[in-house]
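Examination of the molecular architecture
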Amino acid sequence: MDTLLVRPHPGNDRFGLGPFFRVEPLGLEYVAAALKRRGRSATIVDARFESPGFSWLGSARPSLLGISCMHAVEYDAVADLARCARRRLPDTCIIVGGHAAAAFPGPLEIPEIDAICMDDGEAVIPALADALAGSGRIDSVPGFRARTDAGWVTTPSPGQRYDLDAVPHPEREPVRRYRHRYHCLLFKPVWLVETARGCPFRCSFCSVWSLYGRSFRERSIGSVVEDFESVGDNVFIVDDLFWNHAERSLELARALLRKGIRKRWILVQTRTDIARHHPELLESWRPLARDFDIFFGLEAPTDGGLDHLVKDTTIEESIEAARLARGFKYGVTGNFVIDPDWDEESFRELWAFVEENRFERAGYTILTPLPGTDLYRDHPTLRRDEPWFKYDMHHLLWEPRLGARRFFALYAETWRRSILNLGGQKRWRDWAVQVRPAQVVYLTRVLLRTQRMMRPAAYLAEYAGQARPAPEARARRAV
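Read on for a plain summary of the structure. (Residues numbered from 1 in each chain as written. Predicted model: local features only at pLDDT ≥ 70, side-chain atom pairs only at ≥ 80, totals over all residues. Heavy atoms only, no water.)

**Quick look at the nonpolar core**
Put simply, the rule is: For the purposes of this section, nonpolar cores are sets of buried Ala, Val, Leu, Ile, Met, Phe, Trp, Tyr and Cys residues that join through side-chain atoms within 4.5 Å. Exposure is judged per residue with a 1.4 Å probe applied to protein chains only, and the accessible area is read against the type maximum: over 50% gives exposed, under 20% gives buried, and values in between give partly exposed. Every helix listed is a DSSP run of H or I at least four residues long, and every strand listed is a run of E at least two residues long, numbered separately from the N terminus. For this analysis, residues touch if any pair of their heavy atoms sits within 4.5 Å.
Ranked by internal contacts, the top residues of the largest apolar core, which has 96 residues, are W243, W285 and F408. Broken down by element, the residue count for this core peaks at 7 residues, all from helix α14 (residues 404–416). Once you skip the residues sitting within four places of it in the chain, W285 turns out to touch I237, F242, W243, S249, L252, A253, L256, F292 and Y330. Counting 65 residues, the second largest nonpolar core, distinct from the first, contains L5, F49, L64 and I110.

Printed below as a string of structure tokens:
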């Protein structure tokens, strides 16, 4: 085996909508495709669906072990896996890549990890594999933080941004055995498609634009059409910002329609101002799926709140985008950011805005200074000793203005007003009629888990200090 690529279990999904989203590790699939082009084999393990304790490492003896770290909540799980792998695979090169790793590599600079991927994995990991095969030094390969005898060093940048069409299609065969486990919301199995990467905007809470330098790259129309044609009926388009270039987006829709491609369900993520000012995009894309959902970054119920988050849009855009999308029969969902510095009136403004504009399908995340953002670097009262699993956007990371008890009471009440509350307007039986009989057990399990978000006591228990054991103890148990 040349390379083993691992999507780790994050180690924490007690809160939030994590149970609703278990999707394929598309980044690893693109890396596998890039390695295949170099004549190298790659196996992918999705540890979220494997037995705990890293027993799945088995007798594997890869020359290169690549671990994905997409979110800050995974830092500890990735470190645990690297420690265990180092004991079992003393001669294997262990690297870590992914969004969180590149945005803020510090927590992963440990003795068991040899390098951290700081650029597009499709470009730099095959180059690293070549260097290892030729007895080259890791610190000579561009695009990494590398561990050396003198400490951690940053290797030169690869220079020009990676052309996404250099590896036009992901290698999905290595995850075939997990396909039936990948799901979004009510849809299962789900495939991921990427048509573009990056974002030119500058929201203060987001690390995407800072990681990519506000760049925006697109795959060719032909490549995207072929990818769409190759996947199944339920598709989540994972672009950080969909429909950013209106004319190109229209061209892509026309190409898909000419090819006769139509899916059961599609989900995209975009900004309200794009949808509001380009209704022709909504019209042209709607025929491509029987059910089509748009996830909007709603973020705040007031213009002042949007300005505070550097959203560069207005409440009017949110209202009009939702109205237009519903007019074309899209499902409208989205997310609001709850600031721990809110007072009670701020919560009431949110509830009124949600009710008036029918945003009951929205989710609610607590403002979280993600590592790699200016908000993380500059926040004056952030508790920097909190464990990484609390960076799931459902924990408090500094003392709220109202005090924790009152804040969580209002936060839980906000969730109770959402569509996920089985005691609210949409009951369990209403959900059940939307799925196939075989999915009822899965749906029941997921919905029951989300009810935890309606209970203030559950949040308070963790805020009071209940946490996981130290990483060293977890790693010992895993061996």
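Once the structure has been displayed, the description carries forward.
**Details of the side chain of R197**
Threshold: Any N or O atom pair separated by 3.5 Å or less is treated as a polar contact, with the protein-specific requirement of one donor-capable and one acceptor-capable atom, and with residues adjacent in sequence counted only for side-chain atom pairs.
Within the secondary structure, R197 is located in strand β11 (residues 196–198). Side chain to side chain, R197 and E122 meet in a polar contact 2.8 Å long. When neighbours within four sequence positions are excluded, R197 is seen to be in contact with D120, E122, L164, Y212, S215, F216, R217, R219 and D240.

**Some details on the side chain of R271**
As for its placement among the helices and strands, R271 is situated in the loop between β14 (263–270) and α8 (272–277). Among the polar contacts made by the side chain of R271, one reaches the main-chain carbonyl oxygen of K311 at a distance of 2.9 Å. Of note is the side chain of R271, whose polar atom sits 3.2 Å from the backbone oxygen of D312. In this view, R271 contacts F201, C203, L241, F296, K311, D312 and T313; residues no more than four positions away in its chain are not counted.

**Some details on the pairing of strand β15 (residues 289–299)**
Two faces make up the sheet, and in a regular strand the side chains alternate between them. Defined as follows: Strands are labelled as partners when DSSP assigns at least two bridges between them.
Counted residue by residue, β15 has 8 buried out of 11 residues, so it is predominantly covered. Relative to β15, β14 is paired through 7 bridges, and the arrangement is parallel. Note on β15: the bridge partner recorded for V268 is I294. When β15 meets strand β16 (residues 331–338), the two strands line up parallel, connected through 5 bridges.

**Notes on the sheet that holds strand β8 (residues 151–154)**
This is how the line gets drawn: For helices, the fitted axis covers only the stretch in contact; all axes are lines through C-alpha atoms, and the angles between them, taken along N-to-C directions, range from 0 to 180 degrees.
Sheet architecture is open: 7 strands sit in the order β3-β1-β4-β5-β6-β7-β8, paired in mixed fashion. Looking at which strands have only one partner, the edges of the open sheet turn out to be β3 (42–46) and β8. Pairwise comparison of adjacent strand axes, ignoring direction, gives a mean angle of 20° for this sheet. Sitting on the sheet, helix α2 (residues 75–88) is in contact with β1 (3–7), β4 (64–68) and β5 (93–97), with an inclination near 165° to β4. Of the strands in this sheet, β4, β5, β6 (115–117) and β7 (144–148) touch helix α4 (residues 121–133), which is tilted by about 160° from β4.

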